[in-house]
Amino acid sequence: MAVVGKKLAVVGAGLMGSGIAQVSAQAGWDVTLRDVTGEALTRGTDGIKASYEKFVSKGKLEASAAEAALARITTTTDLDAAAEADVVVEAVFEKIEVKREIFGRLDTLVKDGTVLASNTSAIPITKIAAATSRPERVVGTHFFSPVPMMALCELVRGHRTSDETLAAAREFAESVGKTCVVVNRDVAGFVTTRLISALVVEAAKLQESGVATAEDIDTACKLGFGHAMGPLATADLTGVDILLHASENIYAESRDPKFAPPESMRRMVDAGDIGRKSGRGYYDH
Ligand SMILES: NC(=O)c1ccc[n+]([C@@H]2O[C@H](COP(=O)([O-])OP(=O)(O)OC[C@H]3O[C@@H](n4cnc5c(N)ncnc54)[C@H](O)[C@@H]3O)[C@@H](O)[C@H]2O)c1
């Protein structure tokens with residue numbers, strides 16, 4: 001059921017922020033979308049319009065519903081516009097200083113009960129929350145890309161996130177059609193990146209040591225476990241560099257050797273063989 005009359009502010013109109021604005025407006029939220037430049041906002045809203053049009057042309061969305069949803073999105077370059085929001089979702093660059101600065105400012109702006117959520121994929125929520133005077137109101141809402149297509153939202157509890165905030169974040173994410181999983185402790189990589197890192201690192205070690213080829217490792221995961229895509233094909237799609245960095249980060253925090261990437265992965269990145277975006281990774285593309 002659509003939530004009507006609820007106010008959402010989304011900070012950052014890039015890939016994720018515009019996707020979150022899109023699904024939320026469609027679900028009846030009044031959305032204020034904030035970015036630093038008019039061009040970024042235009043890019044974001046153009047993407048939203050194009051995506052709604054695609055759903056309409058496929059018969060998955062009424063044209064009138066798309067129009068009404070678009071009308072619920074207001075754009076601004078002024079962060080003060082977030083003052084009235086019940087929920088704020090931050091989706092700016094993955095840079096801790098930028099996020100902390102935004103949360104510090106939001107802390108001085110928003111109402112007492114407002115949920116302050118970050119879409120970070122890897123920064124500890126506790127570090128972001130510490131930039132505010134209300135860490136109990138800060139939570140991770142880790143949506144997946146592309147937001148309109150992916151059903152998962154990983155809810156991350158920071159060290160001091162309250163049960164009430166977690167419940168409100170769940171209500172928000174479910175109201176926009178997502179299924180939530182809860183990460184009860186603020187660990188590096190949350191649940192999803194920890195799982196994929198462990199699998200990719202082990203797959204890379206098996207490939208490096210000649211135990212099996214990349215193709216056979218991926219086929220084993222697809223046919224043996226029903227995965228849609230094998231771990232090394234996933235590494236190529238996501239970027240070998242991205243997964244190397246994620247695994248190193250989790251290893252640095254956890255000191256658990258299962259996340260320590262093999263040297264061959266580092267050499268691939270040194271050589272620029274980072275997967276689909278460079279034309280070569282575990283496979284030629
Ligand atoms: N791309 C993914 O697949 C993915 C998936 C899950 C989570 N995330 C996370 O979501 C967040 C956003 O990622 P993205 O891929 O949408 O990035 P993006 O680069 O597409 O967009 C970031 C946007 O933030 C804007 N921005 C920067 N500083 C700002 C500020 N002070 N105020 C308002 N806007 C500001 C930029 O202008 C840009 O439009 C990151 O934390 C990322 O780690 C990304």
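Residues numbered from 1 in each chain as written. Predicted model: local features only at pLDDT ≥ 70, side-chain atom pairs only at ≥ 80, totals over all residues. Heavy atoms only, no water.

1. A short note on the sheet that holds strand S5 (residues 115-118)
- Taken in spatial order, the 8 strands of this open sheet run S3-S2-S1-S4-S5-S6-S7-S8, and their pairing is mixed. The sheet terminates laterally at strand S3 (73-76) and strand S8 (179-183), the two strands that pair on one side only. On average, adjacent strands in this sheet sit at an angle of 25 degrees to one another, irrespective of strand direction.
- One ladder, built from 3 bridges, connects S5 with strand S6 (residues 138-143); its direction is parallel. Across the sheet, the residue bridging to Ser-118 is Gly-140, located in S6. (Pairing = 2+ DSSP bridges. Helix = DSSP H or I, 4+ residues; strand = E, 2+ residues; numbered from the N terminus. Axes fitted to C-alpha atoms, helices over the stretch in contact; angles between N-to-C directions.)

2. Considering the side chain of Thr-114
- As for its placement among the helices and strands, Thr-114 is situated in the loop between helix H4 (96-109) and S5.
- Assessed through its relative accessible area of 1%, Thr-114 is described here as buried.
- Each residue touching Thr-114, except ones within four places of it in the same chain, is listed here: Ala-85, Asp-86, Val-87, Val-88 and Arg-137. (Buried < 20%, exposed > 50% of the residue type's maximum accessible area, 1.4 Å probe, protein only. Contact = heavy atoms within 4.5 Å.)

3. Details of the packing of helix H7 (residues 192-208) against helix H10 (residues 240-254)
- At a minimum axis separation of 10 Å, H7 and H10 run at an interaxial angle of 105 degrees. The orientation of H7 relative to H10 falls into the category roughly perpendicular. Each of Thr-193, Arg-194, Ile-196, Ser-197, Val-200 and Val-201 in H7 lies in contact with H10, whose residues at this interface are Leu-243, Ala-246, Ser-247, Ile-250 and Ser-254.
- Here the contact of H7 with H10 is built from residues that sort into 6 nonpolar, 4 polar and 1 charged. (Parallel < 35°, antiparallel > 145°, perpendicular 65-115°, else oblique. Nonpolar A, V, L, I, M, F, W, Y, C, P; charged D, E, K, R; others polar.)

4. A look at the domain arrangement of the chain
- You can read the domains of the chain as domain 1 (7-183) and domain 2 (192-271).
- Taking the mean C-alpha position of each, domain 1 and domain 2 sit 30 Å from one another. (Domains from an automatic or database assignment.)

5. Topic: the pairing of S8
- As paired strands, strand S7 (residues 152-157) and S8 are joined by 5 bridges and run parallel to one another. By the bridge assignment for S8, Glu-154 is matched with Val-181.
- Note on the crossover from S7 through helix H6 (residues 163-175) to S8: the handedness is right-handed. (Right-handed = clockwise from strand over helix to strand, strands pointing away.)

6. A few points about the site of the ligand
- Around the ligand sit 21 residues, and of these Met-16, Arg-34, Asp-35, Glu-94 and Ser-121 come closest.
- One nitrogen or oxygen atom from the main chain of Leu-15 is found 3.0 Å from an oxygen atom belonging to the ligand.
- Note that an oxygen atom of the ligand is positioned 2.5 Å from one of the side-chain N or O atoms of Glu-94.
- Compared with its free state, where it exposes 840 Å², the ligand has 78% of that area covered by protein.
- At the level of elements, helix H1 (15-26), H4 and S6 are the ones that each hand at least two residues to the shell around the ligand.
- Considering only residue class, the shell around the ligand consists of 10 nonpolar, 7 polar and 4 charged. (Near = heavy atom within 4 Å. Polar contact = N/O pair within 3.5 Å; in protein donor to acceptor, adjacent residues only side chain to side chain. Areas by Shrake-Rupley, 256 points an atom, 1.4 Å probe, with all protein chains shown as cover.)

7. Description of unusual backbone geometry
- In the segment running from Ser-145 into Pro-146, the intervening peptide bond is cis, with an omega of -5 degrees.
- The residue Pro-146 is located in the loop between S6 and S7 in this model.
- A positive phi angle, near 50 degrees, is found at Phe-190, a position not held by glycine.
- Checked against the element boundaries, Phe-190 lands in the loop between S8 and H7.
- Classification of Phe-190 by relative accessible area gives buried; the value is 1%.
- Phi is positive for Arg-255, close to 55 degrees, though the residue is something other than glycine.
- With respect to the helices and strands, Arg-255 occurs in the loop between H10 and helix H11 (263-271).
- Accessibility expressed as a relative area gives 66% for Arg-255, which makes it exposed.

8. Brief notes about the pattern of salt bridges
- In this structure the tally under the stated criterion is 12 salt bridges.
- Measuring nitrogen to oxygen at the nearest pair gives 3.2 Å for the salt bridge that ties Glu-174 to Arg-170. Of the two residues, Glu-174 and Arg-170 both sit in helix H6, 4 residues apart, roughly one turn of that helix.
- Judged by its relative accessible area of 41%, Glu-174 is partly exposed.
- The class for Arg-170 is partly exposed, based on a relative accessible area of 31%.
- Because the salt bridges share partners, they merge into one network encompassing Glu-90, Glu-94 and Lys-99. (Salt bridge = Lys/Arg side-chain N within 4 Å of Asp/Glu carboxyl O.)

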